[in-house]
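Spelled out from the first residue to the last, the chains are:
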Amino acid sequence: MLNSARLLVLLEIARRGTIVAAAQALHLSPSAISHQLARLEQELGVALVERAPQSLRLTPAGVRLAEHAQAIADLMAVAQDDLRAHAQGAAGVLRIGFFASAGLDLLPRALAAFASGNPQVELELIMGQPHELVPDLEAGRLDAAVVFEHPLDPWCRQAAVDVRMYFEEPQLVVVPLRHRLGRRSVVRLAELEGESWIGTHGGSTGEPVLERACAAEGFRPRVRCRSDHYQVTINLARAGMGVALIPALGLADSAGVHVCRLDHPQLHRRIGVATRATNRNPVLRAFLTELGAAAGEIRSLLDMQWA
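The rules behind the values
Residues numbered from 1 in each chain as written. Predicted model: local features only at pLDDT ≥ 70, side-chain atom pairs only at ≥ 80, totals over all residues. Heavy atoms only, no water. Phe/Tyr/Trp six-rings, centres within 6.5 Å; stacked < 30°, edge-to-face > 60°. Helix = DSSP H or I, 4+ residues; strand = E, 2+ residues; numbered from the N terminus. Buried < 20%, exposed > 50% of the residue type's maximum accessible area, 1.4 Å probe, protein only. Core = buried A, V, L, I, M, F, W, Y, C linked by side-chain atoms within 4.5 Å. Contact = heavy atoms within 4.5 Å. Salt bridge = Lys/Arg side-chain N within 4 Å of Asp/Glu carboxyl O.

## Regarding the packing of aromatic side chains
Enumeration according to the criterion identifies two aromatic pairs in this entry. Taken together, a centroid distance of 4.9 Å and an interplanar angle of 85 degrees make the contact between F99 and F148 edge-to-face. Of the two residues, F99 is situated in the loop between strand 3 (91-98) and helix 5 (106-117) and F148 in strand 5 (residues 144-149); the sequence distance between them amounts to 49 residues. Here F99 and F148 have matching classes, each one buried. When the ring of F114 is compared with that of F287, the centres are 6.0 Å apart and the planes differ by 90 degrees; the resulting orientation is edge-to-face. Residue F114 is found in helix 5, and its partner F287 is found in helix 9 (residues 284-306); the two are separated by 173 residues along the sequence. You can call F114 buried: its relative accessible area is 1%.

## Concerning the nonpolar core
Of all hydrophobic cores here, the largest spans 40 residues; its most connected members are L94, L106, V146, F167, L251, F287 and L291. For this core, the element with the most residues is helix 9, which contributes eight residues. Setting aside residues no more than four positions away along its own chain, F287 makes contact with L94, I96, L107, A110, L111, F114 and A144. Within the second largest apolar cluster, 19 residues are counted, among which are V9, I13, L48 and L65.

## Side note on the pattern of salt bridges
Tallied over the full model, the rule gives 16 salt bridges. Between R109 and E297 there is a salt bridge; the shortest N-O distance is 2.8 Å. Of this pair, R109 sits in helix 5 while E297 sits in helix 9, and the two are 188 residues apart along the sequence. The salt bridge involving R269 is made with E169; its shortest N-O contact spans 2.7 Å. One end of the pair, R269, is in strand 12 (residues 268-276); the other, E169, is in strand 6 (residues 161-176), and 100 residues separate them in sequence. Neither R269 nor E169 differs from the other in exposure class; each is buried. When salt bridges with common partners are traced through the structure, they connect R6, R39 and E43 into a single cluster.

Structure (structure tokens):
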């Protein structure tokens, strides 16, 4: 295998024209340069220079090898610059997992600011439920996961994962405009007994939060349809197909429906980010800074709208 240091010696000889000049450029002695050149010729089995009493010049083989040496030197410079930028957090790859409704406003706010300040960082975005994302985070396939947790459906946190919660997001009741509760701003869950519901499929436990909350109120909801796509749920409520429990982050388009606050101590989601304490990705901290700022903005908006 060719020695890169010896290739750089040949490249400097090609650039400078003499062994003495190459030695000065590389801060080596002329004898060290001559030794490295001789070793290179021995390894390749071909003469690389033609020596004369007062000068030397490259043979055709030496010219070809010097061209390859220049390409290698360029590649090494690129690699060095890339790693330096990566170490400084200016470049690299960041893999982020997120749940769907975080992708409507929270994550885009954070990513817009992050990408503006870190244009060389490559982003990989993976959407999924928290119980699907956390194993990938633990295994090192993600750098961070934007997650939620229900008080009625907590997920088991592993020691390897750190979770920082930013804010609580209210669960809201969406009803058709002509519904009997269409003029109410706040409702209790018990008032919705007997309604047709548009529910969700549930999280890691398989039992949706709606069913758990209704069971605590002494009734079982009549679920007409299930969807984890909140815009589908809102459209069905708009069409009069039932009422729905929607987290505030999932309320992208509420035209044609009425939205009520829900008076219930446990029907909300805690929104945050999960990371690994051992993750040394230098660009992660910058992303977490922007995510925290975006979360603060979202929290203020939710407080103004639904406090």
